[in-house]
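Residues per chain, in single letters:
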Amino acid sequence: MKRFCGTGPIVEAADRCGLGGELSRRGFLVFSAGALASMAALGAARVWGAGAPLVILENPQGLLFADPARCVGCQRCELACTEFNDAVAAPSLSRIKISRNLNFGPAGPSGAPLLGAYGNGLVVQGLCRQCPHPVPCATACPQDAIVEDKATGARVVDEARCVGCRLCQRACPYAMMVFDEGKGKASKCFLCQGRPRCVEACPAQALRYAPWRDLTRESPALAAVSVIPPEKAGACAECHVPARNTPVKERPRSGS
Amino acid sequence: MTQSPGGFAGRVLRVDLSSGKVSREDTAEKYGDVLGGTGIGYRVLFDEVPAGTGPFDPANKLVFATGALAGTGVPCNGRTAVTAVFPTVWPAPLAGSGHMGGQFAAKLKYAGYDALILEGRADKPVWLFIRDGRVELRDASRLWGGGIRRATLEISQEMGPDCVVAAIGQAGERLAPLAIVANSVSHSAGGVGGVMGSKNLKAVGVQGSGSLRIAGPRDEWERLIKHHLSLLGANNQHVVPAFPSPESEYYNPGSRWVGEPGRRWGAADPPVEITGSILDLNRIAYRSNSAAFFLGEQAWRHTVRGNGCTACPIRCHTVVKMPSVAAKYGIKEVGQNTCVGLVFGRAFFRNMPGGNKGLGSLEACMVGMHLADDYGLWCNYGQLQRDFVKLYSDGTLKARLPAKEYASYDWDKYDAGDPAFLFDLIPRLSERQGELGQVMSQGTAGLFRHWGLKEEDWKRDHSTLYWKMGHPKHHANEDDGQCGVLINTQYNRDAQCHSHTNFVRNGLPIEEQKRLAGGIWGSPDSVDAVGDYRPMNVHKARRARWSLVRKELHDSLGLCNWMGPWVASPLKEQGYRGDDSLESKLFSLATGRATSREELDLMGERIFTLHRALTIRDMGTLAMREKHDLTPDWLYEDKHGQQPFTQGTIRMDRADIATALDMFYGVMGWDKASGAPTRETYARLGLDGAASALERLNLLPGDGNEPGK
Ligand code: SF4
Ligand code: SF4
Ligand code: SF4
């Protein structure tokens, strides 16, 4: 171990990726997206071993983008999502969200200004941002059940691990997790292994699949419930040493 | 919720508004032989509603029914049939259906129900709350007296933004026969709003979180859906564009495929240009623009986008934005509708400054939509407006209305084509104020009943397009010669059938149509060029039968008969062929019940024949030919005296239409003298129960039961 801001698997991983210097110079870890990606690409996140909490996910390659001005509110994308992937017609299980915004827009029937068919006509599609680190849904999952899809880097639910606690649903700032009551499992947009069915289904070319970029800073997020299992919070603290190297346990609590 | 059996949700919900009792029936067990939609509607009326029941009696039942394909990803599946003893039928009420699109059908199915049967009458205003398995009647006193949009908003606040609300406005509450129930802003079923009002039911709010299983293999389903999409044209299945295009061998200016590259949705922000390939399946939504088609070129500038039913890529409703109406009239600047709903306001006027496609006309349309879709007034397929124009023009209104009432309307405004007139007229019609409101809100039947006007006069008058029994023509001889005429004789309201017109008006040249027709109906002679009709032949009768059967099939599967069937397509490489077996393929894969085209068509024929049986029972006569299958006199006249079967006239010939009826009854297996199905026909269609019921009433042909009895 070198002169680092902490010890543990993250440090070890950073070191093995040649990022140890970054750690030592900055005193705390501010990974650029690129550095994170290369770390993840090198399997850094995985060297933590089986028991270690999963925190860092590589940024995906692709992302769904939507143009509300083109959207005709047909829901063909929602139905393509569940029919072609799950053999059921079920907008409630769709990983792209149209129905909820169709009539009144994201603010709903009690909000103003009204969008949607009863408002100005605009339908805003609800899409998963495939968030960069820290991925809210994945970080919240106590089972580490939200993992990267190999083909696309999409954040996907590993059904075998999901125990149906719904913490991910509470954590997503964009309300993009879906929950299948029948199966008792969560689900989310997994980009259809690189051939998103919603994009294929859209009769207005309102959707597209394009190279990933970070949308999380510009789109208004819901106030999500931030639930982070303690081991993961610990892993966060290993990288993100609070300012001036204040030891974690003495860090002043931020007001809430 | 229970697992969907494939396609169907599996249950029918029944609510007795008198007692508040809620019960559920198994769809397959109880209604398996009639599929859904109008099939369930006619079945309930036949089995449970006695002949002679009035539309507003508590004994009348109101059946909201959809079908196996509603709520799936099948294109054009958003339909709900709303069937009841219908209030606008002259001279006495008979069964009829209104059909609404929008999101109601899908949501009802996600909640777990293929249909909703409403019976009895609540003792005070209520609305029906349906959230999956939870069903309750809730107090509607605060909504009563208000419009459809307010009811929708307040119910959505209680049920969530993605619920669907089907509500009536003031017209339905006041038991206007011309009243709608509407969902999703502009999707309405005409004629049944008052029936709902008579039950003290303001609205049905539905929220559904369930799923519909697709029983067949996933990849096959995906391929079939893409096959279906590849066959789609524009609205009304017009398979060639209205403009010349290097991508299309033909074009036809009458086509509703108006989305020409270079056009744009001008009121989108930023505007959306129409570019790219017109055949691209990812651009189907740009092909149709009902506002541009019905309101003229200028509507492109005001187009926000297309809208429509669940899973339909056609988007026959257009969202129109006109800030000028907000400024002038204080109404919402955004409105939407299609076809006669779009022109509801303009159609009242005799002349508009700037003509029918000018700016004033567009504003009148915006005002009309704003008012009619909130007050819930029905136009009876434009008959209300045509009657209004006739009665004003010939002085009847002035003669009939009390002087004070007549003077209370600003006729100068009317004569000037000022849309502001509608703020006076539409609310008063809807709320049935004064004699004008009382009488005209009953439809044309009200004019005969209350003012003693003569139906014969309407039957002679070309301008009103009146056909029979209180209702206008709907794609009759002007589109499809004898085939259109036959179809227009069959229903108790306007015919609501598009199977035939979608083919003859699809835009292909007549040679191509004849080639296709040979393959589908056995002879190229089953089709004539529009306005160049030949004498009747049996192939046309077969095509009329096919059209009616498919109409009932679509209304019972939850499919849109404004788009289907899909027997022609834009695919030149396939000789413009569509797929006559498409419905059965979709049904088989969705439900997992392998069903051939013939088997499914038999179901459609059963449903259509059940409607016939119901009509015979309720009219209490076998004499369908003489008393029901009527045609207007104007059909047999040409304004310029042109003879039938000469090019350029739509005039028909009486003897030829009599032959057409003979041939049609023949292919249906109906008695030619009376026009009533025979016992053998009922038996062939599995309608022995109906046959026995009619036999007890002496309403089966043969056995000494003469027509006219
Ligand atoms: S589900 Fe939500 S938190 Fe997870 S990646 Fe998508 S947008 Fe981000
Ligand atoms: S419901 Fe969400 S948070 Fe809970 S185990 Fe499943 S994926 Fe993880
Ligand atoms: S398929 Fe396209 S147009 Fe239709 S709802 Fe989805 S994004 Fe909108």
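Residues numbered from 1 in each chain as written. Chains lettered and ligands numbered in written order. Predicted model: local features only at pLDDT ≥ 70, side-chain atom pairs only at ≥ 80, totals over all residues. Heavy atoms only, no water.

Put simply, the rule reads: UniProt positions are given in the numbering used here, feature names are shortened, and annotations may be inferred rather than shown by experiment.
An unreviewed UniProt entry lists chain B under the name Putative oxidoreductase YdhV, from Fundidesulfovibrio magnetotacticus. According to its UniProt record, chain B has this under Sequence similarities (unreviewed entry): "Belongs to the AOR/FOR family."

## Considering the overall build of chain B
Formally: Secondary structure elements are taken from DSSP: a helix is a run of H or I of four residues or more, a strand is a run of E of two residues or more, and numbering for both begins at the N terminus. We take the radius of gyration over the C-alpha atoms and set the globule estimate at 2.2 Å times the residue count to the 0.38 power. Note on exposure labels: buried denotes an accessible area under 20% of the residue type's maximum, exposed denotes more than 50%, and partly exposed covers the range between, all computed with a 1.4 Å probe on protein chains only.
Each helix and strand in chain B was counted, giving 29 helices and 20 strands. Scaling as 2.2 N^0.38, a compact globule of 709 residues should have a C-alpha radius of gyration of about 27 Å, and chain B matches this with 24 Å. When the backbone C-alpha atoms are referred to their principal axes, chain B occupies close to 65 × 60 × 55 Å. For chain B, the proportion of its 709 residues judged to be buried stands at 68%.

## Considerations on empty space enclosed by the protein
Residue and element names in this part refer to chain B. Selection rule: Here a cavity is any set of points on a 1 Å grid over the protein atoms alone where a 1.4 Å probe fits but cannot get out, and a pocket is any open set with protein on both sides within 12 Å along at least 5 of 7 lines; a residue lines the site when it has an atom within 4 Å of a point. Grid points are joined across faces, edges and corners, and a volume is the space filled by probe spheres set on the points. For this classification, Asp, Glu, Lys and Arg are treated as charged, while Ala, Val, Leu, Ile, Met, Phe, Trp, Tyr, Cys and Pro are nonpolar and the rest, including Gly, are polar.
Applying the stated criterion to the full structure yields 17 cavities of 30 Å³ or more. Taken as a whole, the largest cavity encloses approximately 170 Å³ of empty space. Looking at the largest cavity, it is lined by 15 residues, and the ones nearest its centre are Arg-149, Val-185, Val-334, Gly-335 and Gln-336. Those elements that provide at least two residues to the lining of the largest cavity are β18 (334-337) and α11 (359-375). With 4 residues, α11 is the single largest residue contributor to the lining of the largest cavity. Split by residue class, the lining of the largest cavity holds 8 nonpolar, 4 polar and 3 charged.

## Some points on the confidence of the model for chain A
For the record, the criterion: The predictor attaches a confidence to each residue, and that confidence, scored 0 to 100, is pLDDT. It only takes one pair of heavy atoms within 4.5 Å for two residues to be counted as in contact.
Mean pLDDT over chain A stands at 80; residues scoring 70 or higher make up 70%. Per-residue pLDDT stays below 50 along residues 1-7 of chain A; that stretch engages in 14 contacts with residues further than four places along the chain or on separate chains.

## Here we look at the site of ligand 3
The line we're drawing: Proximity criterion: a residue is near a molecule or strand once any of its heavy atoms comes within 4 Å of it.
Lining the immediate environment of ligand 3, one finds Cys-71, Val-72, Gly-73, Cys-74, Gln-75, Cys-77, Ile-98, Gln-125, Cys-202, Pro-203 and Leu-207 of chain A. Among the residues forming the shell around ligand 3, the class breakdown is 8 nonpolar, 3 polar and no charged.

## What about the pattern of salt bridges?
Quick note on the threshold: The term salt bridge refers to a side-chain nitrogen of Lys or Arg lying within 4 Å of a carboxyl oxygen of Asp or Glu.
Summed over all chains, the structure comprises 56 salt bridges over all chains. A salt bridge links Arg-166 of chain A to Glu-181 of chain A; its shortest N-O distance comes to 2.5 Å. Of the two residues, Arg-166 of chain A sits in the loop between β4 (155-157) and α7 (167-171) while Glu-181 of chain A sits in the loop between β5 (178-180) and β6 (185-187), which places them 15 residues apart along the sequence. Accessibility expressed as a relative area gives 29% for Arg-166 of chain A, which makes it partly exposed. When its relative accessible area of 60% is taken as the criterion, Glu-181 of chain A is described as exposed. Residue Arg-679 of chain B is joined to Glu-695 of chain B by a salt bridge in which the shortest nitrogen-to-oxygen separation is 2.4 Å. Highlighted residues: Arg-679 of chain B in helix α28 (residues 679-684) and Glu-695 of chain B in helix α29 (residues 688-696), separated in sequence by 16 residues. When salt bridges that share partners are traced, they join Arg-14, Glu-25, Lys-30, Glu-48, Lys-61 and Glu-119 of chain B into one network.

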